Amino acid sequence: MDEAKIWSILNDSRALMTNRQKHLWDIIRIIPQNWHAHYPQAGGLNQYWVVALFGQTTIWYDNHEGGFRRSSFEVFGQIGECMTGEQELSMAVQEILNAMNGAFAAP
C-alpha cells in the first residue's frame, strides 16, 4: 500500500471520530512510517504503516486484514505482540482513551 492510500484512510477515519477521539488522535498520531513485524499468518516478516505512538504502544494499519491494530513495541521500528484484532481507527483510539480514564479514575 502506498503512502497516499494510507493518508486517505487516515483522513476518512478522522472524520468519523468523536471530538474526544480527535483530540487524542491529534496528540498521538505520527507521519505514517513503515515498521517491520513478524506474523507467520501473514507469511513471515512484513512491513506495515504505523500511524500513532502512545508510550510503548503503536497503532498500525493491517493491509492484509483491512483494519487498524494496537501492538506493543520494544524496539523502535519493529511492531511487537499484537494486542487487538483489526478494527476502525476510532475504536483503537477509544481503547486508549478508556485505558487513560481507568488509570485516572478516583479509587
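Look a little higher up for the structure.
Residues numbered from 1 in each chain as written. Predicted model: local features only at pLDDT ≥ 70, side-chain atom pairs only at ≥ 80, totals over all residues. Heavy atoms only, no water.

**Q** Just to check I follow, could you spell out the overall build of the protein for this structure?
**A** Counting secondary structure elements, the protein contains three helices and four strands. The N-to-C order of helical and strand elements in the protein reads α-α-β-β-β-β-α. Partitioning the contacts of the protein with sequence separation of at least 6, the portion at a separation of at least 24 is 36%. About 6,300 Å² of surface is accessible on the protein, with carbon and sulfur atoms providing 52% of the total. (Helix = DSSP H or I, 4+ residues; strand = E, 2+ residues; numbered from the N terminus. Contact = heavy atoms within 4.5 Å. Areas by Shrake-Rupley, 256 points an atom, 1.4 Å probe, with all protein chains shown as cover.)

**Q** What should I look at first to understand helix α1 (residues 3-15) in this one?
**A** Over its 13 residues, α1 extends 19 Å from the first C-alpha to the last, a length consistent with the 18 Å expected when each residue adds 1.5 Å. All of the buried residues along α1 are Ile 6, Ile 9, Leu 10 and Ser 13. Considered in projection along α1, the buried side chains sweep an arc of 100 degrees and stay on one side of the axis. Exposed and oriented more than 90 degrees from the buried face of α1 are Ala 4, Asp 12 and Ala 15. (Expected span 1.5 Å × (residues − 1). Buried < 20%, exposed > 50% of the residue type's maximum accessible area, 1.4 Å probe, protein only. Arc of directions from axis to C-beta.)

**Q** Is there a simple way to explain the pairing of strand β3 (residues 57-62) in this structure?
**A** On a regular strand, each side chain points to the face opposite its neighbour's, so the side chains alternate between the two faces of the sheet. Across the six residues of β3, six count as buried, placing the element largely inside the fold. Residues Thr 57, Ile 59 and Tyr 61 point to one face of β3 and Thr 58, Trp 60 and Asp 62 to the other, with burial holding for every one of them. Pairing between β3 and strand β4 (residues 67-72): six bridges, direction antiparallel. Residue pairing in the sheet places Thr 58 in a bridge with Ser 71 of β4. Linking β3 back to β4 in an antiparallel pair, the connection comprises four residues, with Gly 66 at a positive phi of about 80 degrees. (Pairing = 2+ DSSP bridges.)

**Q** Could you clarify how one ought to interpret the nonpolar core in this entry?
**A** Side chains of a nonpolar character, in soluble globular proteins, are inclined to be buried together. Among the nonpolar cores identified, the biggest contains 18 residues, and Trp 25, Ile 59, Phe 68 and Leu 89 are the most heavily contacted of them. Put simply, the parts of the chain that give this core at least two residues each are α1, α2 (19-28), β2 (44-54), β3 and α3 (89-103). When residues in this core are grouped by element, the largest group, five residues, is from α3. Sequence-distant contacts of Phe 68, that is, excluding residues within four places in its chain, are made with Ile 9, Leu 10, Ser 13, Val 51, Ile 59, Trp 60, Tyr 61, Gly 85, Glu 86, Gln 87, Glu 88 and Leu 89. With seven residues, the next largest nonpolar core counts Trp 35, Ala 37, Val 50 and Trp 60 among its residues. (Core = buried A, V, L, I, M, F, W, Y, C linked by side-chain atoms within 4.5 Å.)

**Q** Explain the pattern of salt bridges here, please?
**A** For side chains of opposite charge, pairing can occur when their charged atoms come near one another. Summed over the entire model, instances satisfying the criterion amount to five salt bridges. For Asp 26, the salt bridge is made with Arg 14, and the minimal N-O distance between the two is 2.8 Å. Remark: Arg 14 occurs in helix α1 and Asp 26 occurs in helix α2; sequence separation between them is twelve residues. Judged by its relative accessible area of 34%, Asp 26 is partly exposed. A relative accessible area of 26% means that Arg 14 is categorised as partly exposed. Through salt bridges with shared partners, a single network forms among Arg 14, Asp 26 and Arg 29. (Salt bridge = Lys/Arg side-chain N within 4 Å of Asp/Glu carboxyl O.)

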